[in-house]
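Each chain, letter by letter, is given below.
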Amino acid sequence: MAKAQIRKALSGYYYVEKEGELIQCRGRGIFRNRGESPLVGDFVEYSYDGESDGSIDKILERQNELVRPPIANVDQALLVFSAKEPDFNTVLLDRFLVVLESFQVQPIIILTKIDLLNDAERAHLQTYIDDYKEIGYEIIETYIDDPTLLEKIKPFLQEKTSVLAGQSGVGKSTLLNTLLPELDLKTGIISKSLGRGKHTTRHVELIEVCGGLLADTPGFSSFDFEMIEKEELTSCLPEFERISENCKFRGCLHIKEPKCAVKQAVEAGEIRSYRYEHYEQILQEIIDRKPRY
Ligand SMILES: Nc1nc2c(ncn2[C@@H]2O[C@H](COP(=O)(O)OP(=O)(O)OP(=O)(O)O)[C@@H](O)[C@H]2O)c(=O)[nH]1
Ligand SMILES: [Zn+2]
């Protein structure tokens, strides 16, 4: 029995990576019976005799598990936001950040289309950049045909498994094509010969890039709050998490509780009031959510 990682899933087969080669494997019936199924990104035990298909025998414990795209063991997301077209929006940014944190996926914020800003807009955006950097987030700024993009992103990709996320039109495909030029070629041919959109025939695959792995399919929507309980929300906003240690009540939700360190920090300007407003909105959505069962 050997150990390896599933890098690709296609038409009921799983492909594990061994010394740079992909070995085609079948999942075993036992997984279906147990209601579990192997995911791209899973570390597995597999057997392979060198001739027929290999077989996945055991799925090793997962660090985390995403639904869109279906990938396990994801370290981080390159969270793409455009400075303009669509406009930069902290409501949406915070919603994405909270969802990523809830999956324990580290966000790296990539700000695209900086070239579309005038000086005043640039200065305004900078105040937000400073805020998010102070919280502890990494931010990479980029613009059309940025020749330094690879250089800027490479240190973050190394030794990590990453996915791309972000709303429509922000430049995810553009970024993916810069990072995975060979993919561009492939999708170009597919879309030409089949006359379809770029992503219609795609499967999920983790591709080696800059010494790490990158999913070839963007994922996450900012609306996946279903998995978050109200008591967990604080831990999805890093500066809230840090400061809430000083709240008087354990399990403080920072709404009406007395001696709440988070509310004090908002008043003192240590926590940005827009972050607090977004926290309140998300908390309310979680409270209003219909029970899952
Ligand atoms: N000016 C400018 N345009 C950009 C930049 N990055 C991407 N674009 C353009 O923005 C448009 C949308 O980019 P895409 O890469 O298709 O965006 P996407 O996030 O993949 O969009 P969906 O496929 O809808 O999810 C394209 O016309 C790109 O050429 C940038 O840094 N500056
Ligand atoms: Zn509190």
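Note that the structure is predicted; figures quoted are calculated from it, not measured.

**As for the overall build of the protein**
Counting its regular elements, the protein contains nine helices and eleven strands. Projected onto the principal axes, the alpha-carbon positions of the protein cover approximately 70 × 45 × 30 Å. Within the protein, the fraction of its 293 residues that count as buried is 32%. Long-range contacts, defined here as pairs at least 24 residues apart, represent 66% of the contacts in the protein between residues at least 6 apart.

**Describing the pairing of strand E3 (residues 21–27)**
With six bridges joining them, strand E2 (residues 13–18) and E3 adopt antiparallel strand pairing. Following the sheet pairing, Lys18 is matched in E3 by Glu21. Remark: two residues form the turn of the hairpin made by E2 and E3, two consecutive strands paired antiparallel; Glu19 in that turn has positive phi of roughly 45°. Note: E3 against strand E5 (residues 54–59), three bridges, orientation parallel. If you follow Gly27 over to E5, its bridge partner there is Ile56.

**Some points on the site of ligand 1**
In the vicinity of ligand 1, 15 residues are found, and the nearest of them are Ser168, Gly171, Lys172, Ser173 and Thr174. Examining the composition of the shell around ligand 1, we find that three residues originate from one element, helix H5 (residues 172–179), more than from any other.

**Re the UniProt feature "binding site: Zn(2+)" (unreviewed entry) in the protein**
The feature "binding site: Zn(2+)" (unreviewed entry), as given by UniProt, occupies Cys247, Cys252, His254 and Cys260 in the numbering adopted here. According to the C-beta neighbour criterion, Cys247 is buried, with 21 such atoms within 10 Å. In this structure Cys247 touches Cys252, His254, Glu257, Cys260, Ala261 and Val262, once residues within four positions along its chain are discounted. Relative to the helices and strands, Cys260 is located in the loop between helix H7 (238–243) and helix H8 (261–267). According to the C-beta neighbour criterion, Cys260 is buried, with 20 such atoms within 10 Å. Residues in contact with Cys260, not counting those within four places in the same chain, are Cys247, Cys252 and His254.

**Side note on the environment of Leu157**
Within the secondary structure layout, Leu157 lies in helix H4 (residues 149–157). Expressed as a C-alpha distance, the spacing of Leu157 and Ala123, which sit 34 residues apart in the sequence, is 29 Å. In contact with Leu157, not counting residues within four places along its chain, are Ser162, Val209, Cys210, Gly211, Gly212 and Leu214.

**Re helix H9 (residues 273–288)**
For H9, spanning 16 residues, the distance from its first C-alpha to its last is 22 Å, which sits close to the expected 22 Å at 1.5 Å a residue. Along H9, the positions that sit buried rather than exposed are His278, Tyr279 and Ile282. Buried residues of H9, viewed axially, fall in a sector of 105°; they line one side. In H9, the exposed positions that point more than 90 degrees away from the buried face belong to Ser273, Gln284, Ile287 and Asp288. The inward-facing, buried residues of H9 abut helix H2 (90–102) and H7.

**A word on the nonpolar core**
Grouped together as the largest cluster of nonpolar side chains are 65 residues, with contacts concentrated most on Ile71, Leu79 and Val80. In this structure, Leu79 is in contact with Phe96, Leu100, Pro107, Ile108, Ile109, Ile110, Ala165 and Gly166, ignoring residues within four places of it in sequence.

**Quick look at the packing of H2 against H9**
Running from N to C, H2 and H9 cross one another at 60°; their axes reach a closest spacing of 10 Å. Relative to H9, the element H2 lies oblique. Crossing of H2 against H9: the hand is right-handed. On H9, the residues touching Thr90, Val91, Asp94, Arg95 and Val98 of H2 are Tyr274, Arg275, His278 and Ile282.

**Comments concerning the pairing of strand E6 (residues 76–82)**
A regular strand places its side chains on the two faces of the sheet in alternate fashion. For E6, a buried count of six out of seven residues is recorded, marking the element as mostly surrounded by other parts of the structure. Here E6 runs beside strand E7 (residues 106–112); their pairing, made up of seven bridges, is parallel. Residue pairing across strands places Gln76 opposite Gln106, the latter belonging to E7. Each parallel crossover has a hand, and for E6 linked through H2 to E7 it is right-handed. Pairing of E6 with strand E9 (residues 161–165), which is carried by four bridges, proceeds in the parallel orientation. Each residue of the ladder has a partner; that of Gln76, found in E9, is Ser162.

Parameters at a glance
- Residues numbered from 1 in each chain as written.
- Chains lettered and ligands numbered in written order.
- Predicted model: local features only at pLDDT ≥ 70, side-chain atom pairs only at ≥ 80, totals over all residues.
- Helix = DSSP H or I, 4+ residues; strand = E, 2+ residues; numbered from the N terminus.
- Buried ≥ 20, exposed ≤ 12 C-beta atoms within 10 Å, placed from the backbone.
- Contact = placed C-beta atoms within 7 Å.
- Pairing = 2+ DSSP bridges.
- Near = placed C-beta within 6 Å.
- UniProt positions renumbered as here; feature names shortened; annotations may be inferred.
- Expected span 1.5 Å × (residues − 1).
- Arc of directions from axis to C-beta.
- Core = buried A, V, L, I, M, F, W, Y, C linked by C-beta atoms within 7 Å.
- Axes fitted to C-alpha atoms, helices over the stretch in contact; angles between N-to-C directions.
- Parallel < 35°, antiparallel > 145°, perpendicular 65-115°, else oblique.
- Left-handed = near helix turned anticlockwise from the far one by under 90°.
- Right-handed = clockwise from strand over helix to strand, strands pointing away.

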